Amino acid sequence: MKSDGERSLITSVGIGEIGILASAGVLAVYGLGSCVALIVHDERKKACGLAHILLPGPRSVQDDNSSLPAKYADEALSSLLEGMGYSKLTPPAWLRAGIVGGAKIFSAAEEQNVCIGQRNVDGVLSVLRSRSIALSWKDTGGESGRSLIFELPAGILRVRTLRDGWRELSPGTIS
């Protein structure tokens, strides 16, 4: 897990990792394809967490590698909530979330099955619903990879694609 205790201006969150900020800073994910980034923001405490999710889950019995707390969608939210100091079962009602990613990068290989990117998005949406966390930002699907940054204390989410460059997502942006 990465935290704001590290003295970097931007904290990059890798695949299967989570990042937590309890004060001013920036969390970033670069090169999202079918992976999904999950942002949980507490505007009251000016804190946030970000998970870089690889697979929808659940974890198979053969995968006993617990060093990646956000590898699976069904475990990532619990890891974020714990890292932010909340109960993973009953988080505060004022938390809001954002999801970015879930692109269909390998079109030919994914024609026969449901796209892994969409399965990741569905998995994250399901865990958010199960904990009654409101979705404030959503930029998912399509065929373009993305990068994102989330800035505190302002609570600003910016997303970039190679084609469109950087753009800011306002709360309530669901695409």
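The structure this text deals with has already been given above.
Residues numbered from 1 in each chain as written. Predicted model: local features only at pLDDT ≥ 70, side-chain atom pairs only at ≥ 80, totals over all residues. Heavy atoms only, no water.

With that settled, consider the overall build of the protein chain. Each helix and strand counted, the protein chain has two helices and 12 strands in total. Sequence-ordered secondary structure for the protein chain, helices as α and strands as β, is β-β-β-β-β-β-α-β-α-β-β-β-β-β. Considering the protein chain as a whole, with its 175 residues, one finds that 49% of them fall into the buried category. Restricting to contacts in the protein chain with at least 6 residues of sequence separation, those with at least 24 account for 59%. (Helix = DSSP H or I, 4+ residues; strand = E, 2+ residues; numbered from the N terminus. Buried < 20%, exposed > 50% of the residue type's maximum accessible area, 1.4 Å probe, protein only. Contact = heavy atoms within 4.5 Å.)

According to the stated counting rule, one finds four salt bridges in the structure shown. D139 is the salt-bridge partner of R167, the closest N and O atoms lying 2.7 Å from each other. In this pair, R167 is assigned in strand 11 (residues 165-169) and D139 in strand 8 (residues 134-140), connecting sequence segments 28 residues apart. Look at R167 and you get partly exposed, because its relative accessible area is 35%. Two residues, E151 and R158, come together in a salt bridge whose shortest N-O distance is 2.2 Å. (Salt bridge = Lys/Arg side-chain N within 4 Å of Asp/Glu carboxyl O.)

Moving on: the environment of L152. Here L152 lies in strand 9 (residues 146-152). Distance in space between the C-alpha atoms of L152 and H41 is 9.3 Å, their sequence separation being 111 residues. Those residues within four positions of L152 in sequence are excluded, and the remaining contacts are L21, S23, A24, G25, H41, K46, A47 and C48.

With that settled, the discussion passes to the packing of aromatic side chains. Per the stated rule, a full pass over the model turns up one aromatic pair. Between W137 and F150, the ring centres sit 5.6 Å apart and the planes meet at 75°, which makes this aromatic pair edge-to-face. Within this pair, whereas W137 is found in strand 8, its partner F150 is found in strand 9, the two being separated by 13 residues in sequence. Take W137 and F150: they sit in the same class, and that class is buried. (Phe/Tyr/Trp six-rings, centres within 6.5 Å; stacked < 30°, edge-to-face > 60°.)

The subject of this paragraph is helix 2 (residues 116-130). Spanning 15 residues, helix 2 covers 21 Å between terminal C-alpha atoms, matching the ideal 21 Å at 1.5 Å per step. Among the residues making up helix 2, those that are buried are G117, N120, V121, G123, V124, L125, V127 and L128. In the core, the buried residues of helix 2 are packed alongside strand 5 (36-42), strand 6 (47-53), helix 1 (73-83), strand 7 (96-101) and strand 8. Residue S132 follows helix 2 closely and has a positive phi angle near 55°. (Expected span 1.5 Å × (residues − 1).)

Note that strand 10 (residues 156-161) and strand 11 share five bridges and pair antiparallel. By the bridge assignment, R160 is partnered in strand 11 with W166. (Pairing = 2+ DSSP bridges.)

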